[in-house]
12 protein chains.
Amino acid sequence: MKDHVYKIVEIVGTSSEGIEQAIQAGLTRARKSIRKIRWFEVTGTRGFVENDDVIQYQVTMKVGFTLDE
Amino acid sequence: MKDHVYKIVEIVGTSSEGIEQAIQAGLTRARKSIRKIRWFEVTGTRGFVENDDVIQYQVTMKVGFTLDE
Amino acid sequence: MKDHVYKIVEIVGTSSEGIEQAIQAGLTRARKSIRKIRWFEVTGTRGFVENDDVIQYQVTMKVGFTLDE
Amino acid sequence: MKDHVYKIVEIVGTSSEGIEQAIQAGLTRARKSIRKIRWFEVTGTRGFVENDDVIQYQVTMKVGFTLDE
Amino acid sequence: MKDHVYKIVEIVGTSSEGIEQAIQAGLTRARKSIRKIRWFEVTGTRGFVENDDVIQYQVTMKVGFTLDE
Amino acid sequence: MKDHVYKIVEIVGTSSEGIEQAIQAGLTRARKSIRKIRWFEVTGTRGFVENDDVIQYQVTMKVGFTLDE
Amino acid sequence: MKDHVYKIVEIVGTSSEGIEQAIQAGLTRARKSIRKIRWFEVTGTRGFVENDDVIQYQVTMKVGFTLDE
Amino acid sequence: MKDHVYKIVEIVGTSSEGIEQAIQAGLTRARKSIRKIRWFEVTGTRGFVENDDVIQYQVTMKVGFTLDE
Amino acid sequence: MKDHVYKIVEIVGTSSEGIEQAIQAGLTRARKSIRKIRWFEVTGTRGFVENDDVIQYQVTMKVGFTLDE
Amino acid sequence: MKDHVYKIVEIVGTSSEGIEQAIQAGLTRARKSIRKIRWFEVTGTRGFVENDDVIQYQVTMKVGFTLDE
Amino acid sequence: MKDHVYKIVEIVGTSSEGIEQAIQAGLTRARKSIRKIRWFEVTGTRGFVENDDVIQYQVTMKVGFTLDE
Amino acid sequence: MKDHVYKIVEIVGTSSEGIEQAIQAGLTRARKSIRKIRWFEVTGTRGFVENDDVIQYQVTMKVGFTLDE
């Protein structure tokens with residue numbers, strides 16, 4: 001097993017549809033600047049409610065990726 | 001930015017369908033007695049299992065709303 | 001299984017006799033304003049000491065109850 | 001020492017001036033509907049930043065008060 | 001109410017489809033060796049990302065079941 | 001001091017009488033299948049309330065025991 | 001209200017009888033070297049099991065007392 | 001509500017004057033490289049003491065900002 | 001860098017004026033019996049409220065100092 | 001990526017030599033009854049001290065392994 | 001004492017040899033892109049096990065460094 | 001089993017060599033003023049980095065010892 005070093009960044013993905021969609025939205029954006037994403041870990045699930053009926057899911061997550069040598 | 005004061009209450013929404021549906025069920029009930037809900041935060045995700053195959057998702061969440069002045 | 005919504009409130013029951021008595025005192029008082037209490041969860045156990053020999057147990061607990069539909 | 005029962009509610013006080021002012025704002029509002037407040041405990045300190053230079057401190061706190069017998 | 005004793009085991013269910021599917025996959029496998037499952041509690045939600053676009057949801061959960069007398 | 005390896009399992013003992021009785025009930029049941037129990041650690045104290053006056057204490061605890069070599 | 005400064009020390013009280021007795025044993029011993037104890041807070045409840053049937057409750061607690069000026 | 005993705009970075013602001021000044025110092029420096037800061041959350045408050053009378057407040061905080069699309 | 005050993009004690013500083021003043025009050029008292037204080041870390045911020053308008057801030061903090069060799 | 005289900009058990013490895021040796025001792029014993037161990041996570045590092053100079057490192061860890069289908 | 005601002009990043013260092021080696025590997029890699037590293041804090045110790053006998057230690061740590069003015 | 005009362009103090013041991021050496025350094029210093037040390041528990045592992053290549057491990061630990069009767 002290769003001894004890589006990984007970096008972990010924290011992002012918040014959002015979606016009006018659901019928790020998985022918020023995770024996907026966050027990862028899709030993260031890929032624009034991070035290569036070699038390997039895992040994520042959800043650290044918080046929140047949401048905004050407006051006019052008592054619109055919900056936006058907000059999933060905070062740590063995203064781990066391999067650092068180039 | 002207006003200096004509001006917010007109150008946070010804790011509820012458990014339940015649904016046999018999924019986690020988002022349990023969140024929605026909790027918020028729908030909360031709206032009956034709380035106006036001006038602004039956000040929620042999931043603090044626990046549990047479920048009951050009966051006869052080894054029926055599942056009820058139970059999502060504990062904090063719900064924040066604006067207090068009238 | 002019925003999809004109820006539950007509310008959770010936090011109280012502190014106190015007693016000079018013991019931990020269970022402090023829990024009971026808290027629940028007895030809570031019943032005056034809350035119907036359909038279903039469960040409790042202890043979140044802290046403290047006590048006051050006066051003149052180095054009197055102790056009052058103080059049990060912080062979350063109390064969950066069914067919301068009417 | 002009298003065996004009171006206490007209730008704990010969670011509020012968010014806000015202020016553009018500072019952390020103590022946000023605590024005070026929260027307690028001032030809480031007093032409108034709660035009598036006999038006895039203590040508070042800060043559980044979170046956040047803030048909003050707008051246009052990169054305005055800050056609103058937001059202090060989440062638990063507020064404990066004596067329940068009448 | 002009968003005074004049962006319960007045991008809690010920790011498992012990780014996985015699914016490429018979503019969080020609820022990962023929970024279900026974990027419970028389906030757990031039933032093969034555990035009878036009388038009563039509840040579960042999610043303790044972690046992670047995921048693996050491969051080639052920057054495949055995700056496998058991994059839900060860690062505690063599963064509680066009744067011990068026979 | 002001998003270098004043993006220990007295993008830790010999590011159980012929930014219940015009793016309508018009190019917290020210590022719930023701990024004892026859990027340990028009594030655990031002894032049926034585990035030899036050489038060495039310690040326990042309480043990780044949660046809950047209870048069920050039915051008809052507003054019956055309480056069953058539920059103590060979640062980790063139980064450690066020596067593994068045979 | 002006088003602006004005292006308090007110190008907090010951590011002790012473990014033990015008893016074969018129960019949790020309250022372990023707390024009392026810890027406080028009784030603490031009083032030998034500490035004057036003006038004001039409060040305690042339980043931070044852990046453990047126990048030792050020997051020969052599968054003897055239990056010693058061990059309650060870890062923080063003990064707060066007033067520092068003389 | 002627009003589905004933004006946010007990034008969270010962790011910084012430590014310091015000041016010899018007070019906690020709010022340490023927060024402000026941290027945010028002022030963060031603005032040099034981060035645009036569109038939206039919120040912060042205090043995760044730790046420490047301080048250094050030298051020669052028994054100089055204090056430097058050190059506030060660790062998470063800072064959230066909007067990622068450009 | 002010299003390999004010192006440090007000791008950490010926990011105190012509660014109080015002040016009716018504010019959080020920094022409560023920290024200072026705690027450190028001022030601690031210096032009477034502890035030499036070579038190096039750092040502190042806030043572990044809790046509470047307050048007492050009397051007659052609905054007097055507040056005493058109570059800051060619990062760990063204080064670290066160098067042990068003489 | 002195959003959708004496995006994993007089980008997690010908690011053990012305590014001990015060694016008078018060091019932390020890594022305690023981890024290894026725990027894993028070596030675990031392999032006797034568990035096949036397909038995949039990962040471990042340290043959840044606590046303790047030690048016993050006897051006669052003021054003998055130390056036994058005790059590392060509590062969660063051990064994850066693949067469940068057969 | 002100069003009022004610096006520090007940034008904290010999270011990395012995972014890995015090594016097949018031991019925990020300190022994993023920390024060192026993480027810091028060695030971090031130095032390639034970060035100047036003025038001042039401290040680290042271990043936030044997790046895990047490991048991978050393959051074929052039941054190869055172990056790779058994985059140490060998650062926060063790394064703090066001074067931001068240039 | 002004798003019903004002792006134990007006290008727990010918190011220290012930080014440091015060493016440029018490794019984690020176990022930092023633990024040993026802390027215990028060696030603690031023995032100068034504490035008799036009958038029975039156990040320790042690591043609560044934090046940090047380190048200082050100077051000139052990008054000198055590391056001092058700093059292990060925060062709780063040390064428990066028997067109080068004389």
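Computed from a predicted structure; not experimentally measured.

Let's talk about the interface of chain C and chain D
Facing the 15 residues of chain C at the interface are 13 residues of chain D. Interface of chain C and chain D: buried area, both sides summed, is about 1200 Å²; carbon and sulfur atoms make up 55% of it. The tally of links from chain C across to chain D stands at one salt bridge. One salt bridge in this structure joins Lys62 of chain D and Glu10 of chain C, with 2.9 Å as the shortest N-O distance. On inspection of chain C and its partner chain D, the count reaches eight residue pairs in polar contact (both at pLDDT 80 or more).

Here we look at the side chain of Thr45 of chain D
With respect to the secondary-structure elements, Thr45 of chain D resides in strand β2 (residues 37-50). Thr45 of chain D gets classed as buried once you look at its relative accessible area, which sits at 13%. Beyond its immediate stretch of four places on either side in the chain, Thr45 of chain D contacts Ile19, Gln58 and Val59 of chain D together with Glu41 and Val42 of chain H.

A look at the relation of the copies chain B and chain A
Between the two copies, chain B and chain A, the superposition gives an RMSD of 0.0 Å; the rotation angle is 120° and the shift along the axis is 0.0 Å. Those values place the two copies in the arrangement expected of a three-fold rotation axis. For chain B, the smallest separation between a C-alpha atom and the rotation axis is recorded for Ile19 of chain B, amounting to 5.0 Å. A share of only 13% of the interface residues of chain B reappears at the interface of chain A, consistent with the copies meeting through non-equivalent patches.

Concerning the packing of aromatic side chains
Within this structure, the stated rule accounts for 24 aromatic pairs over all chains. Ring geometry for Phe40 of chain A and Tyr57 of chain E: centres 6.2 Å apart, planes at 75°, overall edge-to-face. A residue pair is termed interchain when its members come from two chains, as with Phe40 of chain A in strand β2 (residues 37-50) and Tyr57 of chain E in strand β3 (residues 54-66). By relative accessible area, Phe40 of chain A is classed as buried at 0%.

Section: helix α1 (residues 19-30) of chain A
An ideal rise of 1.5 Å per residue puts 16 Å on 12 residues; α1 of chain A measures up with 17 Å between its terminal C-alpha atoms. Those residues of α1 of chain A lying buried are Ile19, Glu20, Ala22, Ile23, Gly26, Leu27, Arg29 and Ala30 of chain A.

Here's the deal with the interface of chain B and chain A
Taken together, the contact pairs 15 residues of chain B with 12 residues of chain A. For the pair chain B and chain A, the summed buried surface comes to about 1200 Å²; carbon and sulfur atoms form 51% of the total. Of all residues in chain B, Glu20, Arg31 and Phe40 of chain B bury the most surface against chain A, accounting for 44% of the area lost on that side. Scanning the region where chain B abuts chain A turns up one salt bridge. Where chain B touches chain A, the interface holds five residue pairs in polar contact (both at pLDDT 80 or more). When residues of the side of chain B that touches chain A are traced back to their parent elements, those giving at least two are α1 (19-30) and β2 (37-50) of chain B. No other element matches β2 of chain B, which puts six residues into the side of chain B that touches chain A.

Considering the environment of Gln21 of chain F
Of note, Gln21 of chain F is situated in helix α1 (residues 19-30). Placed 36 residues apart in sequence, Gln21 of chain F and Tyr57 of chain F show a C-alpha to C-alpha distance of 8.7 Å.

A look at the environment of Ser16 of chain B
Within the fold, Ser16 of chain B resides in the loop between β1 (6-15) and α1. Among the residues examined, Ser16 of chain B registers a relative accessible area of 47% and is labelled partly exposed. Residues Ser16 of chain B and Ser33 of chain B lie 17 residues apart in sequence; the distance between their C-alpha atoms is 24 Å. Those residues within four positions of Ser16 of chain B in sequence are excluded, and the remaining contacts are Ile55, Gln56 and Tyr57 of chain B together with Asp3 of chain C.

Remarks on the arrangement of the chains
If you take every C-alpha in chain D and every C-alpha in chain G, the smallest gap between them is 13 Å, and the two do not touch. Over all C-alpha pairs, chain A and chain I never come within contact, reaching a minimum spacing of 22 Å.

What counts, and at which threshold
- Residues take numbers from 1 onward in each chain, read along the sequence in its written order.
- To label them, take the chains in the order written and letter them from A, then take the ligands in the order written and number them from 1.
- Local features are withheld for residues below a pLDDT of 70 in this predicted model, meaning they are given only at 70 or higher, and side-chain atom pairs are given and counted only at 80 or more; totals for whole chains, interfaces and linings count all residues.
- Hydrogens and water are ignored here; the side-chain numbers use all heavy atoms of the structure.
- When checking whether two residues touch, look at their non-hydrogen atoms; a contact exists if any pair is within 4.5 Å.
- The buried area of a pairing is the accessible area, by a 1.4 Å probe, that goes missing from both parts when the two are put together, added over both.
- In what follows, salt bridge is the name for a side-chain nitrogen of Lys or Arg lying within 4 Å of a carboxyl oxygen of Asp or Glu.
- Pairs of N or O atoms are called polar contacts if they sit within 3.5 Å, as long as, within protein, a hydrogen donor faces a hydrogen acceptor (for residues adjacent in sequence, only side-chain-to-side-chain pairs).
- Each helix corresponds to a stretch of at least 4 residues labelled H or I by DSSP, and each strand to a stretch of at least 2 residues labelled E; elements are numbered beginning at the N terminus.
- Exposed residues in this analysis have more than 50% of their type's maximum accessible area, buried residues have under 20%, and partly exposed residues fall in between, with area computed by a 1.4 Å probe over protein chains only.
- The copies were overlaid with a least-squares fit restricted to C-alpha atoms from residues scoring a pLDDT of at least 70 in each copy.
- Aromatic rings from Phe, Tyr and Trp, with only the six-membered ring used for Trp, were paired whenever their centres fell within 6.5 Å, and each pair was classed as stacked if the ring planes differed by under 30 degrees, edge-to-face if by over 60, and tilted otherwise.
- To estimate how far a helix should reach, multiply one less than its number of residues by 1.5 Å.

On their own, these measurements won't tell you what the molecule is for.
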